[in-house]
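Tertiary structure, described
For reference, the chains in residue letters:
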Amino acid sequence: MYIADWDTFAEQAEALYRSDPLRVRYVLKYRHCDGKAVLKVTDDKTALQYKTDQIADVKKIEKLNLLFFTLMAQGSEADVPPVEQSEASAAQVLETAQKSQQSGQPKKGQKRRKG
C-alpha cells in the first residue's frame, strides 16, 4: 500500500524493521524518465511504499537511509533519534562503524610493513 504522508511512512518503516530485522528489505527505485522515486520496505507480509517526485524529499530519503544504515550496523535495539530529528551525516556513521570494526590485521591483498 502507498502511504501519502512521509512521517507516517518513516515511523512505520522503522517499526517494521525493528520488529524483524533479518526479514525486512528496503528498496529505493528511481525512474529518470518519470522523475519519480519509490521507496519500499517489506517483510513479505507487510509492504509499505512511498512515491514522490519532489526534490525536497531527497533529504528525507537520505535521513531514512542513514537510519537504516545505523540500525544495520549497530543492531535493531540501538538508540537512534527519529528520522525527522536526525542531523548526523552518513560520513559520521560510516566513520563510527569503521572504528568499531577495525583490527590490527591487514586487509586482504595488503602486506604488513616491516620496521
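It should be emphasised that the depicted structure is a prediction, and the values quoted were computed from it without experimental measurement.

Glancing now at the layout of surface pockets. When its volume is computed, the largest pocket comes out at roughly 170 Å³. What lines the largest pocket is L28, Y30, G35, K36, A37, T52, D53, Q54, I55, V58, I61 and E62. Every element with two or more residues in the lining of the largest pocket is listed here: β1 (25-31), β2 (36-42) and α2 (57-74). No other element matches the 3 residues that α2 contributes to the lining of the largest pocket. Taken together, the residues of the lining of the largest pocket sort by class into 6 nonpolar, 3 polar and 3 charged.

In this fold, V41 is placed in strand β2. V41 sits 15 residues away from Y26 along the chain, and the two C-alpha atoms are 4.5 Å apart. Apart from residues no more than four positions distant in its own chain, V41 is found in contact with F9, A13, L16, V24, R25, Y26, T46, A47, L48 and F68.

What follows concerns the packing of helix α1 (residues 6-19) against α2. Across the interface, α1 lies against α2 with an axial gap of 11 Å and an inter-helix angle of 15°. Between α1 and α2, the angle falls in the class roughly parallel. Judged by the sense of rotation from one axis to the other, the crossing of α1 with α2 is right-handed. Residues W6, F9, A13, E14, Y17 and R18 of α1 touch α2, and the partners they reach there are K60, I61, L64, L67, F68, L71 and M72. Counted by class, the contact of α1 with α2 contains 10 nonpolar, no polar and 3 charged residues.

Turning our eyes to something else, we now look at the sheet that holds β2. By definition, the strands of a sheet pair up through backbone hydrogen bonds, in either a parallel or an antiparallel sense. Pairing within the open sheet is antiparallel, and its 3 strands lie in the order β1-β2-β3. Either end of the sheet is taken by a strand with one partner, and the two such strands are β1 and β3 (47-52). Going across the sheet, the axis of each strand differs from the next one's by a mean of 15°, ignoring polarity. Direction of pairing for β2 relative to β3: antiparallel, over a ladder of 6 bridges. By the bridge assignment, L39 is partnered in β3 with Y50. Together, β1, β2 and β3 form the strand contacts of α2, whose direction differs from that of β1 by roughly 155°.

Calculation notes
Residues numbered from 1 in each chain as written. Predicted model: local features only at pLDDT ≥ 70, side-chain atom pairs only at ≥ 80, totals over all residues. Heavy atoms only, no water. 1 Å grid on protein atoms, 1.4 Å probe; cavity = no way out; pocket = protein on both sides within 12 Å on 5 of 7 lines; lining within 4 Å. Points joined across faces, edges and corners; volume = space filled by probe spheres on them. Helix = DSSP H or I, 4+ residues; strand = E, 2+ residues; numbered from the N terminus. Nonpolar A, V, L, I, M, F, W, Y, C, P; charged D, E, K, R; others polar. Contact = heavy atoms within 4.5 Å. Axes fitted to C-alpha atoms, helices over the stretch in contact; angles between N-to-C directions. Parallel < 35°, antiparallel > 145°, perpendicular 65-115°, else oblique. Left-handed = near helix turned anticlockwise from the far one by under 90°. Pairing = 2+ DSSP bridges.

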